[in-house]
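Reading the structure
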Amino acid sequence: MDMKKRMQLISAESFKENNGSVMRTINMLRHQFHKLKSVEYALPDIPKGDITDSVNYLYEAGYIHLRVVITKEPATLADYEFDELEAKLTAKGISFLAGGIQDSCIKL
């Protein structure tokens, strides 16, 4: 196996693990929204860019809600900066963590 292929496999596995870490962190207070900045602080070993990738995946897959911290309006990463947003799990996200559904892109 060449080095490029190995790096792709490592990156894919890290993405799955990061998705699980971000999701579990957001779940800590599942009834409330968490500032994404707080999620970043709680996961110091994961670079902000990787957390952003995970948040984007989890949002697009329907596992989390995103909203603007100040206005409480629904939002996306495409429209706002990372530090302006907060997140909480959707029913689908809670179901995933409870084992009700599977996703090969999330490793718990």
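Rules behind the numbers
Residues numbered from 1 in each chain as written. Predicted model: local features only at pLDDT ≥ 70, side-chain atom pairs only at ≥ 80, totals over all residues. Heavy atoms only, no water. Helix = DSSP H or I, 4+ residues; strand = E, 2+ residues; numbered from the N terminus. Buried < 20%, exposed > 50% of the residue type's maximum accessible area, 1.4 Å probe, protein only. Polar contact = N/O pair within 3.5 Å; in protein donor to acceptor, adjacent residues only side chain to side chain. pLDDT = per-residue confidence, 0-100. Pairing = 2+ DSSP bridges. Salt bridge = Lys/Arg side-chain N within 4 Å of Asp/Glu carboxyl O. Contact = heavy atoms within 4.5 Å.

Even without being a glycine, Lys72 presents a positive backbone phi close to 65 degrees. Note on placement: Lys72 falls in the loop between β2 (64-68) and β3 (85-89).

Once that is clear, we can look at the side chain of Thr90. Considering the arrangement of structural elements, one finds Thr90 in the loop between β3 and α4 (91-97). In this structure Thr90 comes out as buried when scored by relative accessible area, which is 10%. For Thr90, the side chain forms a polar contact with the main-chain oxygen of Gly62, separated by 2.5 Å.

Confidence in the prediction for the protein averages 91 pLDDT; 89% of positions are at 70 or higher. Averaged pLDDT values over the elements of the protein bottom out at 80 in helix α1 (residues 3-27) and peak at 98 in β2.

Now for the sheet that holds β3. Read from one edge to the other, the open sheet built from 3 strands follows the order β1-β3-β2, with strand pairing classed as antiparallel. In the strand order of this sheet, the two ends are held by β1 (34-35) and β2, each with one partner. Where β1 meets β3, 2 bridges bridge the pair, whose relative direction is antiparallel. Bridging from a neighbouring strand, Lys35 pairs with Glu86 of β3.

As enumerated under the stated definition, the model contains 7 salt bridges in all. Its salt-bridge partner being Lys107, residue Glu13 comes within 3.0 Å of it at the nearest N-O pair. Placement of the pair is Glu13 in helix α1 and Lys107 in the segment after α4, with a sequence separation of 94 residues. A salt bridge links Asp83 to Lys48; the nearest nitrogen and oxygen atoms lie 3.2 Å apart. Pair noted here: Asp83 is in the loop between β2 and β3 and Lys48 is in helix α3 (residues 48-60), with a separation of 35 residues, a long-range link. The network of salt bridges with common partners includes Lys37, Glu40, Lys48 and Asp83.

Our focus in this paragraph is the environment of Gly93. Secondary-structure assignment places Gly93 in helix α4. Overall, Gly93 belongs to the buried group, its relative accessible area being 0%. Each C-alpha atom of the pair Gly93 and Gly62 lies 7.3 Å from the other, and the pair is 31 residues apart in sequence. Ignoring anything within four residues of it in the chain, the contact list for Gly93 reads Met23 and Tyr63.

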